[in-house]
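Architecture at a glance
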Amino acid sequence: MTKTALITGVTGQDGYYLSRFLLQKGYRVVGLVLPQRQSSLAKLGSLVNKLEIYAVDLTDSRVLSGLLEQVQPQEIYNLAAPSFIPDSWNNPLETLDVIAGTTTRFLMAIRQAGVKARFYQASSSEMFGQVDPSPQDENTPFRPMNPYATAKLHAHWTMVHYRQRYNLLACSGILYNHESPRRATQFVTRKVCLAAAAIKLGISDRLELGNLDAKRDWGYAEDYVQAMWRMLQQDQPEDYVIGTGKLHSVKELVATAFECVGLDWTRYVVVNPNLVRSDEHFLLVANTKKAKQKLQWQPQMSFENLVEKMVLKDLERLQNGTIATSAKP
Ligand code: NAP
C-alpha cells in the first residue's frame, strides 16, 4: 500500500530534502503552504510537480482536522517555523503562535479527525540553551535562552503530553544545526559560503561576521531528514538527539570555505561586534548514542565536504545568475 506523508514547512530546507527522500521511497507526499506564502513554492523547483500541495490556514484546528480526514496521512512531519533565531526577538508572539500554536492545533486535529497518523515534531538543540553538561543527550535538562527556543520547548512538551495521555505515536527530533546549499542566506554557514564564492568572482570584497570563536555542531540536512523518517518507523515513539557530535568554530568554517576557492580569508573577513550573539559561549554539541543504537542512524557527510558542497553551489548560482541580487553579500 502506498503510504501518505503530510509535511508542514514543505518549502523550507528540510521540507525539500524530506519530500525528495519520501518520494524516492514511494510515498505520496502532501505539502502544506500558507495561502499568503504560495510564492515560496518556487523554491522547490521541479520537485513541486511531484507533490500534492494544499494552501491551508494553519491557525484553525477544524480546518486541519478536515484536511487530515481528506488526506488520511500515515505520517505527519511538522516542520513549519520561522527558523532564524534573531527574528524571534522581534516577533516573539508570532514565533510562539506559529511554533507552539500550530503544533497544538495539529495534535488536536489528529484526535478530532480520528486518523492513525504518526507525528514528527521538529524540535531544536536550542531548547537546551544554557547548557552545563556537554555534549547533550535526551536526558539533558532544557534551559532555553530565546523566544524561538521557548516556543519549540512549548511545542515539544505539548507533543509529549499528547503522547502520554492519548497514546499518540509522536516523536520529537532534537536536531542540531544542519545546513545545505538550500540553507537561507541569513544563516552563518550559507552567509560565509556565499561570500567566499562572491569574493572569488569579484562581486564582493569583504565579509562581516560576529564572534569567530563561536562553535557549532553542524551537519548536513539530507542526512538529518533520514533520521526523522527512521524515528517514525519505530514501534515505540521516543525522542532523539540528532547531530554530528563534533564542534567546529566559525573561524574553521570561514577558513574551509575560502580555501575551497583558493583565497586567504584573513584578507577579507571583518569582525563586527554588533553581530555577536549573547548566548554563543554555550557549547551545543550532540551525544547521538541513542540514535545510533535504536535508529541505526549516523551522519554521512563530513564538515569539510558540506562546506565545499555549499561553496560550489553558490559559485554555480552566481555564475549562471540563478541567485537574487539581494542575496549577494
Ligand atoms: P526553513 O528552511 O527556515 O523552513 C521553514 C519552513 O517553515 C518554510 O517552509 C517556511 O515557509 C515555513 N514558515 C516560516 N514561517 C512560517 C509561518 N509564520 N507560518 C507558517 N510557516 C512558516 O527551516 P528548516 O531548516 O527547513 O527547518 C525545518 C524545521 O526544523 C523548523 O521547524 C526549524 O525550526 C527546525 N530546526 C531546524 C534546524 C536547522 O539547523 N535547520 C535545527 C533544529 C530545528 P517559507 O518557505 O514561506 O518561508
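Residues numbered from 1 in each chain as written. Predicted model: local features only at pLDDT ≥ 70, side-chain atom pairs only at ≥ 80, totals over all residues. Heavy atoms only, no water.

Focus: the UniProt feature "active site" (unreviewed entry) in the protein
The positions UniProt marks with the feature "active site" (unreviewed entry) are Tyr176. Its location among the elements puts Tyr176 in the loop between strand 6 (170-175) and strand 7 (178-179). Residue Tyr176 is classed as buried on the basis of its relative accessible area of 1%. Setting aside residues up to four positions removed in sequence, Tyr176 forms contacts with Ser125, Phe128, Gln136, Asp217, Tyr224, Val241, Ile242, Gly243, Leu284, Val285 and Ala286. (UniProt positions renumbered as here; feature names shortened; annotations may be inferred. Helix = DSSP H or I, 4+ residues; strand = E, 2+ residues; numbered from the N terminus. Buried < 20%, exposed > 50% of the residue type's maximum accessible area, 1.4 Å probe, protein only. Contact = heavy atoms within 4.5 Å.)

Looking at the site of the ligand
Of all residues adjacent to the ligand, which total 27 residues, the nearest are Thr11, Ser40, Lys43, Ser83 and Tyr148. Between the ligand and the protein, one listed contact pairs an oxygen atom with a backbone N or O atom of Gln13 at 2.9 Å. At 3.5 Å from a nitrogen atom of the ligand is found a side-chain nitrogen or oxygen belonging to Glu94. When isolated, the ligand has an accessible area of 900 Å², and the protein chains bury 89% of it. When contributions to the shell around the ligand are tallied by element, the ones reaching two or more residues are helix 1 (13-24), helix 4 (92-113), strand 5 (118-124) and helix 5 (147-166). Considering each element in turn, the shell around the ligand owes the most residues, 3 residues, to strand 5. When grouped by side-chain class, the residues that make up the shell around the ligand number 11 nonpolar, 10 polar and 6 charged. (Near = heavy atom within 4 Å. Polar contact = N/O pair within 3.5 Å; in protein donor to acceptor, adjacent residues only side chain to side chain. Areas by Shrake-Rupley, 256 points an atom, 1.4 Å probe, with all protein chains shown as cover. Nonpolar A, V, L, I, M, F, W, Y, C, P; charged D, E, K, R; others polar.)

A word on helix 1
Taking 1.5 Å per residue as the helical rise, helix 1 with its 12 residues ought to reach 16 Å, and the 17 Å between its terminal C-alpha atoms agrees with that figure. Counted residue by residue, helix 1 has 9 buried out of 12 residues, so it is predominantly covered. Residues Gln13, Asp14, Gly15, Tyr16, Tyr17, Leu18, Ser19, Phe21 and Leu22 constitute the buried set of helix 1. Trailing helix 1 by a residue or two, Gly26 shows a phi angle of about 90 degrees, which is positive. (Expected span 1.5 Å × (residues − 1).)

As for the pattern of salt bridges
Tallying each qualifying case throughout the model produces 14 salt bridges. With its nearest N and O atoms 2.9 Å apart, the salt bridge here joins Glu222 to Arg20. With Glu222 in helix 7 (residues 221-232) and Arg20 in helix 1, the pair connects residues that are 202 residues apart, well separated along the chain. Residue Glu222 is classed as partly exposed on the basis of its relative accessible area, which comes to 24%. (Salt bridge = Lys/Arg side-chain N within 4 Å of Asp/Glu carboxyl O.)

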